[in-house]
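# Structural characterization, general
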Amino acid sequence: MSNKIFSVADARKYARRRIPRMTFDYVDGSAGDENACRLNIQCLEELRLMPRVMVNVEQRSYKKQLFDESWQLPFGIAPMGMCDLTWPGADGMLARAACKYGMPLVLSTMASSSIEATAELAGEKAWFQLYVGTSLDIAFDLVDRAAAAGYRNLVLTVDVPEIGSRPREKRNGFQSPIRIGPGQFIDFALHPQWSLRTLYTGVPKLANVNLPGGKEFKRDEARGKVDWAFLDRLREHWKGRLIVKGVLDGDDALRVRDAGVDAVYVSNHGGRQLDSAPAAIQVLPAIRAAVGPDYPLMFDSGLRNGESVVKALALGADFVFIGRPFLYAMGADGEAGLQQVIELIRSQIDIALAQLGCNDINDVDEQMIWVE
Ligand SMILES: Cc1cc2nc3c(=O)[nH]c(=O)nc-3n(C[C@H](O)[C@H](O)[C@H](O)COP(=O)(O)O)c2cc1C
């Protein structure tokens, strides 16, 4: 199947056929009428890059320096909960890919693999993403576990005070843990490869938030406790690098920077939270202007090919993350599909650099964006 994947759209098409509708819609769906998700992709598509000619581009490099580390690729794997629902063992595939390709993997609080197991598999390629529910004790517990397991980068996600209202999840009766009623039974029966494998490996569970003594952080729990005072507490508590994810407003970005946070991660959660939010790419230039030229900025939401990665870098991101395309890839063809999509985006970036007359991804800048 992987030899039939020539674009992220191909991977999405094959995933849609191979995995149950309920899990495909969990991945593919977004908030409300799905306008923010659509806009993310559309605004990136509408940006045009200006080719430059007759530069010798035989020696190109797309290695990225971020903080004190050098990454083989300018993109990483965005934090995503319950990836194993896409294909059994997906979290492990992502961890192996992070090692093989030299890219960061952000492990979600809501992952189906534990903080400790992922650290063993991916070492310092693994970053930890923190959600904070109603219990601050559980939050600080997770942070301490990440520190003990050797994580150096903590990503605090702040754009989920409540989970966005996602009609496709509701329509399919999607819940965590999964409940199997007649609708789901038929859906699973129609996708026997996924269902048999999932039965064989065991239905994925949230690996980090069911704690001893019956303490639990439920997926649909309110997460509105995160405020500026909490950020100060976390900054004091966590000695490693701290990144705040889900910022779209320039003033918020400045305040995050001034709270001693190491990087702002610009994102509208792939359109899964506020359906009327701007496309993340629309606000990126203003955030870059607000925080100044040297402050580390990360970006995700709507990246579907190598050229869109270059566009986000041109508009001010130092590093980008990609979400759904990797899940489509594993849904389409497991680990082979994942590698195919990573290779595809890598080669699209490489070819784009050649067309832009650019030898080093670190030299990509806003001059490359065509202005009418
Ligand atoms: C299935 C799925 C689960 C997600 N779970 C999380 C999560 O647990 N934590 C988080 O910070 N973001 C989560 N996100 C958002 C991603 O980190 C990222 O912001 C988004 O997917 C980027 O947009 P893209 O899918 O268009 O690349 C999730 C996204 C998807 C698609």
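Attention in this report is confined to the structure presented alongside it. (Residues numbered from 1 in each chain as written. Predicted model: local features only at pLDDT ≥ 70, side-chain atom pairs only at ≥ 80, totals over all residues. Heavy atoms only, no water.)

Next up on the list: the side chain of Arg223. Position of Arg223 among the secondary structure elements: in the loop between helix H9 (192–201) and helix H10 (228–237). With no salt bridge to any partner, buried Arg223 finds its closest opposite charge in Glu221, at an N-O distance of 7.1 Å. Within the structure, Arg223 has its side chain in polar contact with the backbone oxygen of Arg219 (distance 2.4 Å). Non-local contacts of Arg223, meaning those with residues more than four positions away in its chain, are made with Met110, Tyr131, Val132, Gly133, Val160, Pro161, Ile163 and Phe217. (Helix = DSSP H or I, 4+ residues; strand = E, 2+ residues; numbered from the N terminus. Buried < 20%, exposed > 50% of the residue type's maximum accessible area, 1.4 Å probe, protein only. Lys, Arg positive; Asp, Glu negative; His and termini not counted. Salt bridge = Lys/Arg side-chain N within 4 Å of Asp/Glu carboxyl O. Polar contact = N/O pair within 3.5 Å; in protein donor to acceptor, adjacent residues only side chain to side chain. Contact = heavy atoms within 4.5 Å.)

Turning to the pairing of strand S6 (residues 153–157), a few remarks are in order. The buried fraction of S6 amounts to five of the five residues, a majority that puts the element mostly inside the structure. Inspection of the sheet shows strand S5 (residues 126–130) paired to S6 by three bridges, in the parallel sense. Among the inter-strand pairings, Leu130 is bridged to a residue of S6, identified as Leu156. The parallel pair S5 and S6 is bridged by helix H6 (residues 136–148), and the resulting crossover is right-handed. (Pairing = 2+ DSSP bridges. Right-handed = clockwise from strand over helix to strand, strands pointing away.)

Within the structure, the ligand sits among 23 residues, and Pro79, Ser108, Thr157, Asp300 and Gly302 are positioned closest to it. One nitrogen or oxygen atom from the main chain of Gly302 is found 2.9 Å from an oxygen atom belonging to the ligand. For the ligand, whose unbound accessible area comes to 600 Å², protein coverage reaches 98%. Residue composition of the shell around the ligand, grouped by class: eight nonpolar, 10 polar and five charged. (Near = heavy atom within 4 Å. Areas by Shrake-Rupley, 256 points an atom, 1.4 Å probe, with all protein chains shown as cover. Nonpolar A, V, L, I, M, F, W, Y, C, P; charged D, E, K, R; others polar.)

Time to look at the pattern of salt bridges. This model, assessed by the stated rule, comprises 19 salt bridges. The salt bridge involving Arg60 is made with Asp350; its shortest N-O contact spans 2.9 Å. Taken together, the positions of Arg60 in the loop between helix H3 (35–46) and strand S1 (64–66) and Asp350 in helix H14 (residues 324–355) put the pair 290 residues apart, joining distant regions of the chain. We classify Arg60 as partly exposed; its relative accessible area is 29%. For Asp350, a relative accessible area of 17% gives the class buried. In the salt-bridge network here, residues are joined through shared partners; they are Arg12, Arg21, Asp25, Asp28, Glu34 and Arg168.

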